[in-house]
Structures are given as structure tokens and as C-alpha cells.
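# Chain and residue survey
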Amino acid sequence: MAAPGQETVLEQEAALEEAEPPAQADAEEEKEPKLRDTPEDISFEASANTIAFHPSRDIIAAGDVDGDVYLYSYSCLEGGNQELWSSGHHLKSCREVSFSHDGQKLFTVSKDKSIHILSVEEGRLVTRFPKAHSSALNSLLVIDEHLFATGDDNGMLKVWDLRKGTAFMEMQQHEEYISGMSIDENKKLLLTTSGDGTMGVFNLKRRRFELQSESQNGDLTSIALMKRGKKVACGSSEGTIYLFNWNGFGATSDRFAVKAESIDCMVPVTENVLCTGSIDGVIRAVNILPNRVIGSVGQHLGEPIEQLAKSRTGQLLASCGHDQKVKFWDISSLSSIVVDDYRKRKKGGQLKALSRKAFGGGDDFFADLREEIEAPKEEEKEKEKEDSGSDESDSD
């Protein structure tokens, strides 16, 4: 039996314990979801090959190596991402997804040689071209409400008209896979990049092949129109960006190498700045003319990046990689960056972080990443003394 004084203390402690849970419950009820700079990562059971933002809603689509297609709504509120539906119609890897311009349909192409068109609201299969190509499909470009183009692993380009349900252009000018496609504002010239190292030019109005560029080193992996359509930028498996003048497609006007093993994908962010994804997992922001690597937007640590996409507002960049995740990055600061044509290279400077998440938990990973612009010629001798035995500077 407890002493009288001890009994009083025990009674007080019991009373306090009874009073605490309601207070904690009230605090939890009042707690609101945390607002983040970017949406949380979306994780998948398989690696995502392709992603696309909806043109008018906060929705993102993804296709994975198993052939599944997913539609998610995204939000910067903690726990705000929601899966809307998934589709398993493709028998093999889904290589590319793209929304129609009105946002009501989702186009998908696959290694199984088929094209699917799904309703965005329900994920229902609306149209299917089961044997669209004789080889595995690799790329897709929605041109307008009626027309879209597809490219396959053997270099075949087809342009389709939904009103007729068939392709009205079929041309095989490339010797290897078609990796990317782009079209001008007037919907006249369709440009393609290929694993054969060339860029192809096709005239949609006249339904004919125009010309093919000179062959570059390595595969051409991606394409972007820059400088209000006056410049065409092509990424390559060698880590070099090749620039062409509009209407000067035969030969490059400029080129410069990024210190990355490859440039596997890229997306224009402004008229001057594009973002690139590489096998080293780093997303770089690159200014075109003057050619500068501005810094790092983010990373999939040690995992190759398959595709990048820019949101409708231009505030977010999404990336998918072999880590089975879709990640989001804040790129709002890129629109205000001005690159000085006369700026000198900083010796030994680390790749600048352009977003709060750019370093994540991977500071050590970035320790060896250096600013990726060639030293001006007057600095070359000095650099050779400092970095004797190092690799040759890699930018033209």
C-alpha cells in the first residue's frame, strides 16, 4: 500500500496521462498538409521510359518497360499525388506517351509495334493500330488535332491522319532508329534525329523528303527548337550538342561538348535555355549561344535518365530514370538567368546547383563534377600545367 503522499503523486500523474491524448488529437486535427517546393516523387514497380505533362491540368502520364501506362494528378501538397488510372494494353515496353493538344486523349507507342489512343478521363482504349510499323516503335510526335508522326527502330517515319485512320506518309531515309522529332510553328517541316548520326528533314505540306544532314559522331538522341525556331539543337550519345541554323540543315553551325558521357534526352525551357538528361543521372541546364552549362537542376543518383518534360506553367521539370521514379524539379529560376558572353571560366568550379533539391543527399556525388565549358584558348596552357595528365577540355 502506497504512503499517503505517494498516492497523491500517482493520482496527479494518472490525471495528466488521461488529459494528454485529447490535446494531441486536437493538434493532429489542426495540422495541415505541408506545402513543398515541388511534388513528391512518384514510384513505380518498373522503370519509366517516358513522361508527359497534360496541356491544361496538373496531370502527368508515364509509360514503363512492362508496357503499362499510368496517369497521375500531382500537387505540391504533401501526399497530394494521386493515381487516376493505369492501363496494361501494351504487350511490351511503352516507349513514348503524348497528350493531344486539347488534353482529351493520350497517345502511346510501344515496342510491340502498336499505337494506342486512350481517353484521358477513363483510360479507356479509343483507337488502336495493332501493327502500325513492321519494327518496334520508338518515337512519337502529336502535330495537331488530326495528325501525328511515329518513328521506329529501323528508321521508318510515318505520318498519320486520324480522319482517314491511315498513314499518308511513309519514308525510310534513316538507317537506324528514330530517336526524336520536332516540327516548326507552321507545321511544314518535320525534323527527325536518328541513331545513324543524322538529322532528317521532311516536308509535310508537299509530303516529301527534303534532305539529310551530314553524319555526326555517335547517335543523335534528341532534338529541340531554340531561339524562336532559328536554331535546332541535337543531343548525341557522345555528350555533344550540335547546332543547326534553320534552313541550313545540311551542316552544323556550331557544336559544343558537355562533360557527360551522353545526352540522352533534352527539353527546351526558354528560347535560350534547355535541360539535358544523361546516363550519369545528372540534369543540366544549358544556355544556347553563348554556349554555357549553367548548372545542375537535379539528379537521379547514379541512374540513367530516360526522358524530361516541362509542365504547362513552365515552373516544373519532371524526369524519369532507371531508379523507377518520376521526380519533379523547380526550374522557375531559369527564366531569369542571363548568360554573359564574355564571362570567363571559373577554374575548378563545381557544377552550380540551380534548385534546392539539386544536391539532395548526394553532395559527394557532385564533388567531381566540374564546370563544363572549355577553357578559353589563352587559359589552355595554364590549365595543362594545373591538370597535367587530365582529359582534353571538351567543348568547341
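Residues numbered from 1 in each chain as written. Predicted model: local features only at pLDDT ≥ 70, side-chain atom pairs only at ≥ 80, totals over all residues. Heavy atoms only, no water.

Secondary structure summary: the chain contains three helices and 28 strands in total. Burial statistics for the chain: of 396 residues in total, 50% are counted as buried. Total accessible area on the chain is roughly 19,500 Å²; 44% of this is exposed by carbon and sulfur atoms. (Helix = DSSP H or I, 4+ residues; strand = E, 2+ residues; numbered from the N terminus. Buried < 20%, exposed > 50% of the residue type's maximum accessible area, 1.4 Å probe, protein only. Areas by Shrake-Rupley, 256 points an atom, 1.4 Å probe, with all protein chains shown as cover.)

Another point: the side chain of Ser100. Secondary-structure assignment places Ser100 in the loop between strand E6 (94-99) and strand E7 (105-110). Here Ser100 falls in the buried class, since its relative accessible area comes to 10%. If we ignore the near neighbours within four places in the chain, the residues touching Ser100 are Pro55, Lys105, Phe107 and Val142. (Contact = heavy atoms within 4.5 Å.)

Here we come to the pattern of salt bridges. Per the stated rule, a full pass over the model turns up nine salt bridges. Between Glu121 and Arg57 there is a salt bridge whose closest N-O contact spans 2.8 Å. Here Glu121, found in the loop between strand E8 (115-119) and strand E9 (125-129), pairs with Arg57, found in the loop between strand E2 (48-53) and strand E3 (59-64); they are 64 residues apart in sequence, far enough to count as distant. Glu121 gets classed as exposed once you look at its relative accessible area, which sits at 59%. Between Arg312 and Asp58 there is a salt bridge whose closest N-O contact spans 2.8 Å. With Arg312 in the loop between strand E26 (305-310) and strand E27 (316-321) and Asp58 in the loop between E2 and E3, this pair connects stretches of sequence that are 254 residues apart. Relative accessible area serves as the criterion here: at 41%, Arg312 is assigned to the partly exposed category. On the basis of relative accessibility, which here comes to 37%, the residue Asp58 falls in the partly exposed class. (Salt bridge = Lys/Arg side-chain N within 4 Å of Asp/Glu carboxyl O.)

This part takes up the sheet that holds strand E24 (residues 282-287). Judged by pairing direction, the sheet is antiparallel, and its four strands sit side by side in the order E22-E23-E24-E25 without closing on themselves. Two strands bound the open sheet, and with one partner strand each, they are strand E22 (265-268) and strand E25 (292-299). Across the sheet, the mean angle separating the axes of adjacent strands is 25 degrees when strand polarity is ignored. Bridge count for E24 against E25 is six bridges, and the pairing is antiparallel. Its bridge partner being in E25, Ile283 is matched across the sheet by Gly298. (Pairing = 2+ DSSP bridges. Axes fitted to C-alpha atoms, helices over the stretch in contact; angles between N-to-C directions.)

Turning next to the environment of Val201. As for its placement among the helices and strands, Val201 is situated in strand E16 (residues 199-203). Overall, Val201 belongs to the buried group, its relative accessible area being 2%. Sequence spacing of Val201 and Ser182 is 19 residues, and the spatial spacing of their C-alpha atoms is 9.9 Å. Dropping the residues within four chain positions of it, Val201 is found in contact with Leu189, Leu190, Leu191, Phe209, Glu210, Leu211 and Phe249.

Here we take up the nonpolar core. One finds Cys275, Ile283, Ala285, Val297, Leu308, Leu317 and Leu334 to be the most contacted residues of the largest nonpolar core, which totals 17 residues. Looking at this core, the elements that each hand over two or more residues are E22, strand E23 (273-277), E24, E25 and E26. Sequence-distant contacts of Cys275, defined by excluding residues within four places in its chain, comprise Cys265, Met266, Val267, Val269, Ile283, Arg284, Ala285, Val297, Leu308, Leu317 and Leu334. (Core = buried A, V, L, I, M, F, W, Y, C linked by side-chain atoms within 4.5 Å.)

Next up on the list: the sheet that holds strand E28 (residues 325-330). Strand order in the open sheet made by the four strands is E1-E28-E27-E26, with antiparallel pairing throughout. Edge positions in the sheet fall to strand E1 (42-43) and E26, since each has one partner strand and no second. Relative to E28, E1 runs antiparallel, the two being bridged by two bridges. Paired with Ser43 across the two strands is Lys325, which belongs to E28.

Take unusual backbone geometry next. Look at the link from Leu289 to Pro290: it is a cis peptide, with omega at 5 degrees. Following the sequence through the fold, Pro290 ends up in the loop between E24 and E25. Look at Lys187: it is not a glycine, yet its phi comes out positive at around 55 degrees. Along the polypeptide, Lys187 turns up in the loop between strand E14 (178-183) and strand E15 (189-194). Look at Lys187 and you get partly exposed, because its relative accessible area is 31%. At Asn247, a position not held by glycine, the phi torsion is positive, near 70 degrees. Its location among the elements puts Asn247 in the loop between strand E20 (240-245) and strand E21 (254-257). For Asn247, a relative accessible area of 62% puts it in the exposed group.

Our next topic: the packing of aromatic side chains. Counted according to the given criterion, the structure contains eleven aromatic pairs. With a centroid separation of 5.9 Å and 85 degrees between ring planes, the pair formed by Phe44 and Tyr72 is classed as edge-to-face. With a gap of 28 residues between them, Phe44 in the loop between E1 and E2 and Tyr72 in strand E4 (residues 69-73) connect regions that are remote in the sequence. Plain terms: the ring middles of Phe107 and Phe148 are 5.1 Å apart, the flat faces sit at 55 degrees to each other, and that makes the pair tilted. (Phe/Tyr/Trp six-rings, centres within 6.5 Å; stacked < 30°, edge-to-face > 60°.)

Moving on, we come to the pairing of strand E12 (residues 156-161). For E12, a buried count of six out of six residues is recorded, marking the element as mostly surrounded by other parts of the structure. Relative to E12, strand E11 (residues 147-152) runs antiparallel, the two being bridged by five bridges. Residue pairing in the sheet places Ala149 in a bridge with Val159 of E12. The turn joining E11 and E12, which pair antiparallel and follow one another in sequence, is formed by three residues; a positive phi near 90 degrees is taken by Gly155. Pairing of E12 with strand E13 (residues 166-172) involves six bridges; the strand directions are antiparallel. Directly across from Met156, in E13, lies its bridge partner Gln172. Count of turn residues in the E12/E13 antiparallel hairpin: four residues, of which Gly165 carries a positive phi of about 75 degrees.

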